[in-house]
Every structure is written in structure tokens, then in C-alpha cells.
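One letter stands for each residue in the lines below.
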Amino acid sequence: MATKIPQPETTSARDLHGLDPAELLEMYHLMLTSRLLDEQEMRLKRQSKIFFQLSAAGHEAIQVAIARHIRPGSDWLYLYYRDRPFALAMGQSPFEHLLQAVAAEEDPASGGRQMPYHFSDPALRTVSVSSPVGTQYLQGVGTAEAGYRAKMEPEIRKLIEDFEDDEVVIVCSGEGATSEGEFWEALNTACNLKLPIVFLIEDNEYAISVPVEVQTPGGNISRLLAEFPNLHVVRCDGTDLLDSWAKGGEVIEHCRKGRGPALLHAHTVRLNSHSESDDDRVYCSAIERVERETRDPLLRARTLLLDEGLADEDELESIAAKLKEMVSQASDRALEYSQPGPETANRWLYSEEVDPTSDCFDTENELREEGSDKHTMVDLLNACLRDEMERDPRIVCFGQDVADASREEILDQVPGKGGVFKVTHGLQRRFGSCRVFNTPLAEANIVGRAIGLAIRGFKPVVEIQFFDYIWPAFQQIRNELATLRYRSGNDWAAPVVIRVPFGGYLKGGSLYHSQTGASIFAQTPGLRVILPSTAQDANGLLRTAIRCEDPVLFLEHKHLYRQVHNKGLYPGDNFMIPFGKAKVVRPGSDLTVIACGALVKRSVDAAKIAWERDGIDVEIIDLRSLSPLDMDLVGESVRKTHKVIVAHEDALSFGIGAEIVARIADQLFSWLDGPVKRVAAKDVWVAYSPQLEKATLPQVDDVLSAIEELSAY
Ligand SMILES: Cc1ncc(C[n+]2csc(CCOP(=O)(O)OP(=O)(O)O)c2C)c(N)n1
Ligand SMILES: [Mg+2]
């Protein structure tokens with residue numbers, strides 16, 4: 001069962017903690033404004049004039065109280081969807097909230113993209129709220145970590161906008177969200193690095209219909225965390241203004257003074273159903289619903305003002321009347337605003353200023369090959385990271401085993417790890433542990449922190465050790481990273497590069513070291529997906545990924561990391577290949593094979609045999625970039641050869657080939673002289689047995705058979 005909450009006095013002669021009566025009245029104003037706005041929106045929802053409503057009633061006191069300790073525009077906020085009073089207390093207006101409710105184009109938080117209460121305000125350093133609960137914690141940690149790293153490196157500090165030594169991050173959630181694994185991943189890093197971050201847990205004892213004792217062992221999150229190393233844990237009655245104000249001040253001060261993270265467990269009450277789509281009568285007893293009314297923070301604040309003689313009934317009535325009028329006018333005004341035009345539906349997926357598909361990112365013809373040694377893909381990826389880190393101090397590289405050695409004191413005794421594939425080898429030694437470091441073994445931790453760091457002006461280039469283990473980070477990649485720009489109406493962006501060793505052909509790689517599945521990510525709007533097949537292409541494309549402003553999933557094929565056939569000369573420190581620019585790797589006239597990754601070399605080998613044995617002249621295209629696709633080059637080739645095969649390592653069904661074939665059928669049908677064929681992996685996992693692996697993944701012979709069959713058509 002939930003623990004009993006200490007109830008502070010609510011009758012006269014309370015210690016006002018030095019609070020000025022005017023401040024108390026101001027807080028009351030804000031609480032009431034929020035409540036009235038909720039009520040007004042409930043009416044609008046019933047009239048179908050807005051499309052979603054969720055009330056903050058019961059949470060007002062803790063939010064307006066803690067907000068008073070925050071420095072607007074200096075501290076960073078990751079709010080929760082039930083935090084309207086907080087947003088109002090920071091300076092947002094009821095009208096702005098109503099613009100979001102009516103889905104107006106002018107909605108300053110998202111331009112009509114997000115539901116109401118998904119607050120966003122760059123001027124107030126309020127980072128766009130998303131809907132998946134629990135994702136905000138790690139991003140908050142990343143933003144707090146930005147300050148930690150900026151303080152370590154003067155070079156970085158100069159480049160981080162308006163950084164103040166004592167800025168703090170506050171990240172809010174309900175008690176339900178603390179059951180998400182990412183909460184614990186966030187505590188891990190916050191406490192390990194002693195970051196200036198406050199976790200505000202607003203515990204209303206329900207997550208929709210699920211009560212707190214189902215969420216948390218013992219039903220009390222702060223008790224569970226009481227012994228967490230380096231975490232300052234504080235509790236308050238979040239329905240009581242004075243207690244909230246005092247404890248809110250204490251935790252913020254703790255962080256501001258650099259004493260490490262804090263967690264404020266604020267006991268609140270949810271006075272309504274979870275949202276207008278929920279009916280709490282189906283899971284809350286009538287007694288409980290009556291009892292909770294006695295804890296209504298607005299009534300308690302009113303009683304306080306009256307008991308302390310800070311206002312009388314008439315004054316409070318007049319405040320309520322004025323605020324009602326203000327809300328009603330704001331509502332009428334907001335209803336006049338129109339929704340975004342249909343022609344804007346595709347906007348804000350990517351940066352509109354920096355276009356990595358443009359000529360600005362094309363220095364391919366100005367290749368400055370240096371030296372006479374040919375290098376592997378690992379070497380040229382490492383060289384690109386080195387050059388770029390030299391150029392831009394904001395670049396940080398992190399992940400599992402990415403550093404040479406976390407224990408710096410032994411660096412001169414060991415060669416250093418630098419990644420399980422050595423792509424980051426030597427970078428920590430060269431650029432220091434502030435910029436190249438290991439993370440806990442937690443993939444969401446890596447991507448979530450990267451988002452928070454990018455929001456604070458860093459350029460994170462992170463590594464997920466194997467594509468097979470990217471899934472714990474999928475929520476952060478798909479729902480957070482890829483959506484940030486879109487859902488905030490272009491106000492926020494996180495240009496993170498995620499490098500991922502990928503793919504099979506390892507002889508023994510088995511199910512969990514051979515995975516592909518690029519199409520799962522290519523189907524994520526807002527994310528670039530890149531798959532180079534040569535060392536030089538990897539170098540040029542990684543540079544583009546780092547210099548652009550969009551999130552990039554950079555797939556590095558493990559089997560191609562150290563092949564002789566794809567080695568290349570060092571192409572210089574400004575070599576860039578734009579995204580969406582495929583390459584003809586073998587010109588031909590009879591038939592086109594569109595390939596990517598490990599299938600490029602296999603297709604070249606097949607084409608060679610087809611030419612020598614059967615005189616079939618095959619053109620081969622290396623896509624290099626899976627999202628965006630270069631349909632121009634595909635079109636050029638198909639118009640020339642009239643026959644086309646798509647060859648990839650992803651499983652056949654729903655793979656990237658399905659998309660390309662569909663586009664060819666749609667755009668190039670009249671140019672075709674035969675069916676469009678696919679060569680791909682079987683729809684099954686890759687086995688440990690090399691014989692099964694061979695049977696599962698597409699081989700040279702498979703490509704060759706397809707070439708011969710199509711050529712004979
Ligand atoms: C990852 C995720 N799972 C499920 C949901 C659906 N959902 C939205 S709110 C919510 C309950 C959250 O409860 P709590 O964190 O206690 O916040 P409260 O609503 O009580 O303020 C759930 C399950 C979601 N938004 N995100
Ligand atoms: Mg809750």
C-alpha cells in the first residue's frame with residue numbers, strides 16, 4: 001500500500017519560510033489560472049473544439065512552488081505532460097497553451113504537431129515534451145552532463161552557448177514513469193557523475209488506473225532510493241504550497257551548489273481521471289474520490305491565504321472572476337486560429353538550413369588522396385573521427401568500450417581498447433577522457449544522453465557496440481531523436497550520429513552478431529540511414545554525418561571493416577560524400593544490380609562471372625545511403641538497361657529492396673523489359689553453423705543465378 005503522507009498544519013500561525021505574502025498570492029494566481037484553463041478546455045473538448053484534454057488538477061502546488069527557485073532562461077527543464085502549472089509559472093501564457101489545444105499553426109510549442117501539454121520553449125530552456133513516459137530522464141542527464149564536460153574543458157566551454165557554472169536541470173515525471181528502466185539508467189549516470197539534476201517525482205499514486213504499490217516495491221519511490229549513492233532524497237507534501245516551496249528550494253540549492261543530483265518525491269493527488277478519455281469511476285472507489293478532494297492544493301492554498309489574513313473572501317472572489325474572464329478571452333482568441341496548411345505536412349523532419357544531400361557536402365571530385373598506403377575501413381573511420389574531433393571541440397565520442405582505458409592512470413602501460421572493432425582506438429589518448437569515454441552497459445543511456453548533450457550544443461558521435469543490441473535504444477532513436485525537430489516546430493534538434501557495427505558473413509556470428517534490419521530504421525521519418533561499402537566512402541559519409549544537422553544512423557558493416565578489396569587511400573580532412581548519392585561501381589549495359597553493404601562486392605563478383613562466362617554486361621550501383629535513396633541514379637540506369645535486380649543482406653520480406661522495387665514499378669514501369677527481382681537473405685535468423693549461415697545469407701551464386709535468369713527473360 002502507499003505510505004501515509006505527513007500532513008502539515010493547515011490552520012493559522014504557519015511558518016511562511018520567509019515567503020513574502022505577495023509571492024504567495026502570485027502562486028495562488030498561477031494555480032487558479034491552471035485550474036480554470038483545465039476547466040475551460042474540458043468544456044472545449046466536450047464541444048469537440050479541441051481534440052484532447054488532460055488535467056493538472058491536484059498537482060498545482062508543487063509545480064508553482066518549485067518553479068520559483070528556477071532561473072528562467074538559465075536552468076533547463078524537462079517537463080511532464082501534467083505540468084501545465086509549471087509552464088505557466090515559468091512564464092508561458094494561457095493563450096499559448098490554448099493555441100496548442102486547438103492545434104493551431106501558431107502553436108509556439110509544436111506548430112500543431114503535438115497534443116496539448118507537450119510544452120516547449122527555447123527561451124525558457126523548456127525542451128519539447130514527448131509522449132513516451134520516462135524518455136526525458138536520460139535526456140535531462142545528458143543536458144546536465146553537458147555542463148559537467150564544459151567545466152572540464154575550456155575549449156568546449158567557449159562554444160557552449162550562455163553556459164553558467166551553477167545552472168541546473170530539472171526533470172519531471174509521475175511515479176508510474178519511474179518503473180521504466182530508463183529512470184534507473186538515468187540515476188546511474190546522474191549519481192556516478194554527480195550531476196546538477198533534480199528528479200521531481202509527482203506521485204499521485206496512479207498511473208492511469210494502476211496504483212503505486214503495483215509500480216514500486218513498498219509503494220514508495222523515495223524510500224526505495226534512500227540509500228542510492230550520491231543522491232539527495234527529499235520528500236514533500238506536493239499539495240501544500242509551503243512545504244513544496246521549502247523542499248523545492250532545498251533540492252535546487254543542493255544542485256546549484258554542485259553537491260550532486262537530488263530527487264524530490266512530491267506527494268500529490270489526481271483530482272480527475274487520467275485524461276478526458278479515461279473514467280476513473282471504473283477503478284477508484286467512491287470513498288477514495290471523496291477523500292482526495294480534501295487534499296485539493298487549490299483549496300489548501302485558499303485556506304492558507306485566508307487563515308494567514310493575506311486575503312479575504314471578497315479579494316479571492318475578485319481574483320477568480322478576473323482570471324475566468326482572462327481565460328475565456330484567451331480561449332475565444334485561440335479558437336480563431338487556423339490549423340497548419342496541408343502543404344506543410346512534411347516540414348521539419350530535417351534541417352532546412354543545412355542540407356546533407358546538397359552540393360555543399362560533395363567534395364568527392366576534389367579527392368586529395370594522401371600517401372601511398374591503402375587503409376582499411378576501420379582505419380579511415382578512425383581517421384575521420386580524429387580529423388573531425390580536431391576541427392570541432394564539441395564532438396564527443398562515447399559508448400561501451402569506446403575509450404582506450406577508463407582508468408586513465410594505466411593509459412601509459414596498455415595499448416588501449418578503443419572499441420571492440422578499434423574504430424575509436426587512440427581517440428581518448430589524443431583528445432582526453434572528457435571527450436572520449438565509456439558508458440554503462442545500457443544502450444538507451446547512450447542515445448538518451450547523446451540527445452541531451454546535443455540539445456546543449458555538443459556534437460555526440462556515439463557507438464552502439466553491435467546492431468543486434470540497438471533495441472533498448474530504439475525508443476530513444478525512433479520516438480525521441482528522430483521526432484525532436486518535427487514535434488517542436490523546428491525549435492529543437494539533436495544532430496546525433498549513431499555509429500553501429502552491423503551485418504553478418506562472419507562464420508559463427510550467429511543470431512546476435514549478424515543482424516541487419518536497416519529498413520526498420522529507414523522507415524523512421526527524420527532519421528538518415530547510411531551504409532557504406534568501401535573505406536573511402538565510409539570516411540566521406542561519416543564526415544557528412546558529423547557536419548550535418550540531422551540525426552544519422554551510420555551502419556558500419558563488420559565484415560567490410562578489414563577487407564582488402566575495399567581499402568582506400570586517406571582522402572584528406574575535407575572529403576565528403578552527400579547523402580542520397582549512390583555510385584556506379586561497375587558500368588554495364590544489359591542489366592542493373594542495385595546493391596548495398598556486403599552485397600556490393602558479391603554483386604561485382606557475380607557480374608564478373610556473368611561477363612566472362614555468358615557475356616552479360618551488368619551495371620552495379622552501390623546505394624551507400626538507404627535513407628534518402630538515390631532514385632535519380634537508379635532511374636538513369638534502369639532507363640539504360642531495362643532490367644533490374646535489387647540485392648541486399650536484409651531479409652527478403654519487408655526489406656529495403658521491397659521499397660526500391662515498389663518505386664521502380666511506380667516510376668519506371670514503362671522502361672522495364674522484365675520483372676524486377678530481389679536477392680536477399682532468407683526470412684530467418686542467421687545461425688551459428690557456417691553452413692546454415694551460408695544458406696541464409698545471399699551469396700555470389702545467388703546474385704549470379706538472378707542475373708542469368710533475368711538476362712534470359
Ligand atoms: C512508454 C509509455 N508507455 C505507456 C504510455 C501510456 N501512458 C501515458 S500516461 C501513463 C501513466 C503515467 O503515470 P504517471 O507517470 O504516474 O503520471 P501521471 O499520469 O499519474 O501524472 C501511461 C501508461 C506512455 N505514454 N508511454
Ligand atoms: Mg501518477
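Residues numbered from 1 in each chain as written. Chains lettered and ligands numbered in written order. Predicted model: local features only at pLDDT ≥ 70, side-chain atom pairs only at ≥ 80, totals over all residues.

K.L.:
Even after reading the chapter, I still don't get the nonpolar core, so can you show me in this structure?
P.N.:
The nonpolar side chains of a soluble globular protein tend to be buried, and buried together. Among the nonpolar cores identified, the biggest contains 185 residues, and I197, V198, V447, I498, F554, L555 and I707 are the most heavily contacted of them. Those residues in contact with V198 that sit more than four places away from it in its chain are V168, I170, V251, I252, C255, A262 and L264. If you look at the next biggest cluster of nonpolar residues, it comprises eleven residues, including L37, I50, L99 and V327. (Core = buried A, V, L, I, M, F, W, Y, C linked by C-beta atoms within 7 Å. Buried ≥ 20, exposed ≤ 12 C-beta atoms within 10 Å, placed from the backbone. Contact = placed C-beta atoms within 7 Å.)

K.L.:
I would appreciate a short explanation of the sheet that holds strand β9 (residues 395–399) in the present structure.
P.N.:
Strand pairing in a sheet relies on backbone hydrogen bonds, with the paired strands running either antiparallel or parallel. Taken together, the seven strands give an open sheet; going across it, the order is β10-β9-β11-β12-β14-β13-β19, and neighbouring strands pair in mixed fashion. The open sheet has two edge strands with one neighbour each: β10 (436–438) and β19 (625–627). Going from strand to strand, the sheet's axes swing by 20° on average, the running direction of each strand aside. Alignment of strand β13 (residues 528–530) against β19, held across two bridges, turns out to be antiparallel. Within β19, the residue paired with V529 across the bridge is S627. (Pairing = 2+ DSSP bridges. Helix = DSSP H or I, 4+ residues; strand = E, 2+ residues; numbered from the N terminus. Axes fitted to C-alpha atoms, helices over the stretch in contact; angles between N-to-C directions.)

K.L.:
Please explain the site of ligand 1 as it appears in this structure.
P.N.:
Taken together, 16 residues surround ligand 1, and among them V133, G174, G176, A177 and A207 come closest. Sorting the residues of the shell around ligand 1 by element identifies β2 (169–174) and β4 (206–207) as the ones contributing at least two each. Within the shell around ligand 1, the residues separate by chemical class into six nonpolar, seven polar and three charged. (Near = placed C-beta within 6 Å. Nonpolar A, V, L, I, M, F, W, Y, C, P; charged D, E, K, R; others polar.)

K.L.:
Hey, could you run me through the domain arrangement of the protein chain in this one?
P.N.:
For an interface, size is often stated in terms of accessible area lost upon the parts coming together. The domains assigned to the protein chain are domain 1 (21–336), domain 2 (359–570) and domain 3 (583–712). On a C-alpha basis, the centroid separation for the pair domain 1 and domain 3 is 53 Å. (Domains from an automatic or database assignment.)

K.L.:
Mind showing me how you'd approach the pairing of strand β3 (residues 197–203) here?
P.N.:
Both faces of the sheet carry side chains from a regular strand, because those side chains alternate between them. For β3, a buried count of seven out of seven residues is recorded, marking the element as mostly surrounded by other parts of the structure. On β3, burial covers both faces: I197, F199, I201 and D203 on one face and V198, L200 and E202 on the other are all buried. With six bridges connecting them, β2 and β3 associate as parallel partners. By the bridge assignment for β3, C172 is matched with L200. Here six bridges tie β3 to strand β7 (residues 262–267), and the two strands are oriented parallel to one another. From the neighbouring strand, I201 faces β7, where its bridge partner is H265.

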